Amino acid sequence: MACAGIFYLLQAAAAPRTPYPPGLVDERFGELKRSLPKDSPPVGYLGDIALETNPSGYYLTQYALAPVVVAAGAHRHLVVGNFARPALAPTLAAANGLVVLHSFGNGVFLFREGK
Amino acid sequence: VGLIAFPLVPAVIGFLLLRAATAGARYCRHDLFRLALGLGLGTGLTSCTYFCSLLAGVNCIFFDAILLAIAAGLWFRFGRSPCIFCVGEPPARPIERQAPRKLLPWALAIVSLGACLLYLSLASQAPHGGWDAWSIYNMRARFLFRSGPAWQAAFHAELAWAHPDYPLLVPGSIARIWTYLSHESPLAPAGVALGFVLATAALLVTVIRILKDRTHACAAGILLVSAPFFTTLAAWQYADVPVAFFLLAAVALTCLEDRFPVSERRLACLAGLSAGMLAWTKNEGLMLMLVFTAFRAAPMFFGPRKRSEVMRYVALVTGASLPLACVAYFKLVLAPANDLIAGQTTAAALARSANAGRYIDVALAFANHIFTFAGIALAPVIVLAVYVFCFGIAKPLAPSLRLAWCILLAAITGYFVIYIVSPGDLTFRLTGSIDRILIQLWPSILLTSILTLNKPS
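A short tour of the structure in this document, coming up. Bear in mind that the values here come from a model prediction, so they are computed numbers and not experimental data.

1. Digging into the overall build of chain B
Move 1: Counting its regular elements, chain B contains 19 helices and 0 strands.
Move 2: Relative to the compact-globule value of 23 Å for 457 residues, chain B shows a C-alpha radius of gyration of 21 Å, a close match.
Move 3: Taken over the C-alpha atoms alone, chain B extends approximately 65 × 55 × 50 Å along its principal axes.
Move 4: In chain B, which comprises 457 residues, the share counted as buried stands at 59%.
Move 5: Sequence-distant contacts, at least 24 apart, represent 80% of the contacts inside chain B between residues at least 6 apart.
Move 6: Carbon and sulfur atoms provide 72% of the accessible area of chain B, an area that totals close to 18,300 Å².
Move 7: Of the side chains in chain B, 34 bear a positive and 19 a negative charge, and the two mean positions are spaced by 11 Å.

Set out below in structure tokens:
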């Protein structure tokens, strides 16, 4: 049992790893986080990947921006943008009645209501 | 400062409480047991006081100091007589010094080293933990630490996907360390997870060393530590290892009560504290706590020493009172409804419980995963079964062991019933959780099985 255990433990330790998004998200959203006050009301979320298909980008955004609550959906005064393809951001923002307030680079945006 | 926050302060608080309960001279060879159990219990207690400090708006260091003073006072009052484990302990048998029996501690050491390598490898690859860790526990810790007075934002309705109804032992412990440090560090959650996995393995080995012998203790340690999934869950920073620790602690203290009646009420108090911490760790821990306290009440009605059993049970409830008060306040005032309960209607639950196919699916899943949950082809459960077959079962079983088996069987039944009635996709729920649930129970099953053995090693 001990021999089998040591074999499996070392095999598991040496197994190849997949990329690890939570390690990168703090750096990516760092500037946006500093620009939002801690007691900010909940902000919305807009991305180029549908939440129903893959919500991990939304969850990671919330992880990075805590304690600001990020609500699923773009119906808020301030909306956070998380885009794998940043070129799509202005189009999707306009379609949701939003204007770009600031682009932080790396596909991270802050939008506000367009009115 | 980080090392003072964890593990030093929780370990000292827990160690002093254990010394108060079991006494002991200046240096005692059972101190590793006290240190292992004390680290886990101390971590739980300091997370409760961290929660109290949030409610009171006071720095948690103030509450830690009070806790430390209480533990020191109890040790000074009760803990300076001879160790209850050493008094009356038979001298080591010559058979224990034979060569094959010297191999087992070395085998345990080598397997433990392999497990440490696996932990370090996984933890360095995923410093924020696995999915559930960063999206539930570590994120809640960020809310508690970063929000200041507005920490209740952690339970906002928009965060329903992150299970804001989960109790706060793990996030509270992490946020407490960050408060000591005055900044966030991914070493805090990794350290808490490492503390619990080490404490669980050490507690299993040392309590069997006290109640049985060193050879069986090493064998049990190898069966636990050689399961890669046990270490993997710890490196992922999931709360299942703390649940496994507190269940093991509650069962172990119940067995110790029987063997050392001179301290039975103090040990019962610590068993109650461990059971309360189960409920403060995870929602399924609440079910385990209810099962434990219900079965522990049985000897009051059916046992031969009813008055003594009532006093033991009072001590047990006293021990559980602090974590249960935290759970009650959290669940009644702060936490939103649990998604399994909120998404449930009586009619739908009855319909699911009348569906025979669900029973078959859940039974098959348990039957399959009992051989695979450890993540190793040579299933530890088969090795354990062979081990028990070789040594035979003691007859009659000690009352505490009968109680321990009843608690474990009721816990498995409880999980079975939850799977049957819970809404949502059953296959998804089973594949995502059944291995973790078996890991929660595995250290306690190992302890109870080894203590059930007939012959000495």
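2. Quick word on the nonpolar core
Within soluble globular proteins, side chains that are nonpolar tend to cluster in buried spots.
Move 1: The biggest cluster of nonpolar side chains holds 186 residues, and the ones touching the most others in it are A:Leu32, B:Phe33, B:Leu37, B:Leu256, B:Trp280, B:Leu288 and B:Leu447.
Move 2: Broken down by element, this core gets its largest block of residues, 16 residues, from helix α7 (residues 187-211) of chain B.
Move 3: Apart from residues lying up to four places away in sequence, B:Leu256 is in contact with B:Phe33, B:Phe85, B:Val207, B:Ile210, B:Leu211 and B:Leu267.
Move 4: Ranked by size, the runner-up nonpolar core spans 9 residues in total, among them A:Leu46, A:Ala74, A:Phe83 and A:Ala89.

3. Considering a nonpolar patch on the surface
Move 1: On the surface, a cluster of nonpolar side chains totalling about 480 Å² of accessible area is made up of B:Val58, B:Phe62, B:Ile66, B:Ile70, B:Leu74 and B:Phe78.
Move 2: Within the secondary structure layout, B:Val58 lies in the loop between α2 (31-56) and α3 (60-78).

4. A short note on the pairing of strand β2 (residues 78-82) of chain A
All names here are of chain A.
Move 1: When you tally the buried positions in β2, you get 4 out of 5 residues, the bulk of the element.
Move 2: Alignment of strand β1 (residues 44-47) against β2, held across 4 bridges, turns out to be parallel. The residue of β2 that forms the bridge with Leu-46 is Gly-81.
Move 3: Handedness of the crossover joining β1 and β2 through helix α3 (residues 56-65) is recorded here as left-handed.

5. As for unusual backbone geometry
Move 1: Omega for the bond connecting A:Ala66 with A:Pro67 falls within 30 degrees of zero, at 15°, which places this linkage in the cis form.
Move 2: Here A:Pro67 lies in the loop between α3 and β2.
Move 3: Cis geometry is adopted by the peptide bond preceding B:Pro396, which originates at B:Lys395 and carries an omega value of -5°.
Move 4: Counting through the fold element by element, B:Pro396 comes out in the loop between α17 (380-391) and α18 (399-421).
Move 5: Backbone geometry at B:His163 places phi at a positive 50°, although glycine is not the residue there.

Reading the values: rules and limits
Residues numbered from 1 in each chain as written. Chains lettered and ligands numbered in written order. Predicted model: local features only at pLDDT ≥ 70, side-chain atom pairs only at ≥ 80, totals over all residues. Heavy atoms only, no water. Helix = DSSP H or I, 4+ residues; strand = E, 2+ residues; numbered from the N terminus. Rg over C-alpha atoms; globule rule 2.2 N^0.38 Å. Buried < 20%, exposed > 50% of the residue type's maximum accessible area, 1.4 Å probe, protein only. Contact = heavy atoms within 4.5 Å. Areas by Shrake-Rupley, 256 points an atom, 1.4 Å probe, with all protein chains shown as cover. Lys, Arg positive; Asp, Glu negative; His and termini not counted. Charge placed at Lys NZ, Arg CZ, Asp CG, Glu CD. Core = buried A, V, L, I, M, F, W, Y, C linked by side-chain atoms within 4.5 Å. Patch = residues over 30% accessible without salt bridge, like charges linked within 9 Å, V, L, I, M, F, W, Y side chains within 5 Å. Salt bridge = Lys/Arg side-chain N within 4 Å of Asp/Glu carboxyl O. Pairing = 2+ DSSP bridges. Right-handed = clockwise from strand over helix to strand, strands pointing away.

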